[in-house]
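Each chain is listed here by its residues.
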Amino acid sequence: MPEMASCPRPVVTDVEGGVVAEGKGWRVLAYQVEHGHAQFGALFRKQWICLGYRIEAGGKVLAISGDTVPCEGLRQLAKGADLLLQCCWLPSKELDSEYLRGVAKHTLACSDVVGKVAAEAGVKRLVLTHTRAVTEGAISAILEEVWADYAGPVSMAEDMTEYEV
């Protein structure tokens with residue numbers, strides 16, 4: 001039997017919020033966000049820690065929502081961000097069942113709220129990710145609804161696309 005190569009063991013640090021890494025002129029903060037919290041009991045929620053991140057470096061801020069709906073953690077991490085990478089699951093016109101409306105309310109933000117979040121936080125640029133919209137019509141509906149609340153530039157995230165902050 002051939003000898004197996006040894007893999008380095010990862011060093012893992014559990015975090016729940018606050019400054020999670022920092023160096024000279026940069027820091028990374030984690031904020032607890034809500035991702036399905038309303039559907040579970042208090043005991044489960046204590047173990048179901050969902051985070052968004054705020055990366056500050058060189059006077060610039062990149063905010064990453066993670067999977068969430070509007071909540072205090074999202075508002076804090078997005079505040080004044082140069083770029084907010086925000087989950088935007090569906091256009092609201094596709095929320096045509098009780099199940100989908102529940103997911104949009106408690107688990108994954110949709111186009112009816114992400115523009116409001118970005119505008120209220122003073123975000124300079126918004127990039128939408130984690131979308132289930134695959135047709136041109138659905139993507140157009142998302143952008144139209146976001147632009148109804150947010151006047152800054154909006155992009156749909158694509159694999160391997162780079163954004164300068």
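This text gives an overview of the structure that appears in the document. In this text, all values refer to a predicted model and were calculated from it rather than measured experimentally.

Reading the values: the criteria
Residues numbered from 1 in each chain as written. Predicted model: local features only at pLDDT ≥ 70, side-chain atom pairs only at ≥ 80, totals over all residues. Heavy atoms only, no water. Helix = DSSP H or I, 4+ residues; strand = E, 2+ residues; numbered from the N terminus. Buried < 20%, exposed > 50% of the residue type's maximum accessible area, 1.4 Å probe, protein only. Polar contact = N/O pair within 3.5 Å; in protein donor to acceptor, adjacent residues only side chain to side chain. Arc of directions from axis to C-beta. Axes fitted to C-alpha atoms, helices over the stretch in contact; angles between N-to-C directions. Parallel < 35°, antiparallel > 145°, perpendicular 65-115°, else oblique. Left-handed = near helix turned anticlockwise from the far one by under 90°. Contact = heavy atoms within 4.5 Å. Pairing = 2+ DSSP bridges. Disulfide = S-S within 2.5 Å.

### Looking at the side chain of S111
Point 1. One can find S111 in helix α4 (residues 111–121).
Point 2. Residue S111 is classed as buried on the basis of its relative accessible area, which comes to 0%.
Point 3. A polar contact is formed between the side chain of S111 and the backbone nitrogen of S92, at a distance of 3.2 Å.
Point 4. At 2.6 Å, the side chain of S111 and the side chain of E145 are in polar contact.

### Brief notes about unusual backbone geometry
Of all residues except glycine, most have a negative phi; of all peptide bonds, most are trans.
Point 1. Positioned with a positive phi, H130 is a non-glycine residue whose angle comes to about 55°.
Point 2. Within the secondary structure, H130 is located in the loop between β6 (126–129) and α5 (136–147).
Point 3. H130 sits in the partly exposed class, given a relative accessible area of 36%.
Point 4. Of note in this structure, M160 is not a glycine but carries a positive phi near 70°.
Point 5. Mapped onto the elements, M160 comes out in the segment after β7 (154–156).
Point 6. M160 sits in the exposed class, given a relative accessible area of 77%.

### Considering helix α3 (residues 98–106)
Side chains three or four residues apart in an α-helix point the same way, a direct result of the helix having 3.6 residues per turn.
Point 1. Buried residues of α3: L100, V103 and A104, and no others. Down the axis of α3, the buried set is contained in an arc of 95°. They therefore lie on one face. In this structure, α3 carries E98, Y99 and K105 as exposed residues pointing more than 90 degrees from its buried face.

### A short note on the packing of α4 against α5
Point 1. Between α4 and α5, the shortest axis-to-axis distance is 7 Å and the interhelical angle comes to 40°. Regarding the angle of α4 to α5, the classification is oblique. α4 and α5 meet at a crossing whose hand is right-handed. Across the interface between the two elements, S111, D112, V114 and G115 of α4 pack against A141, I142, E145 and V146 of α5.

### Digging into α4
Point 1. Within the span of α4, buried status applies to S111, V114, G115, V117, A118 and A121. Relative to the axis of α4, the buried residues are bounded by an arc of 160° and lie together on one face.
Point 2. G122 lies just past α4 and shows a positive phi near 70°.

### Describing the sheet that holds β7
Point 1. A sheet is described by the order of its strands in space; here 7 strands give the open sequence β1-β2-β3-β4-β5-β6-β7, paired in mixed fashion. Of all strands in the sheet, those with a lone pairing partner are β1 (18–23) and β7, marking the two edges. Across the sheet, the mean angle separating the axes of adjacent strands is 15° when strand polarity is ignored.
Point 2. Relative to β6, strand β5 (residues 83–87) runs parallel, the two being bridged by 4 bridges. Bridging across to β6, C87 finds its partner in T129.
Point 3. Contacts from α4 reach β5 and β6, with the element oriented near 155° to β5.
Point 4. Packed onto the sheet, α5 meets β6 and β7 and runs at close to 155° relative to β7.

### Remarks on the state of the cysteines
Point 1. Enumeration over the complete set of coordinates arrives at 0 disulfides.
Point 2. The thiol sulfur of C88 is not disulfide-bonded, and the nearest other cysteine sulfur, from C110, lies at 6.4 Å.

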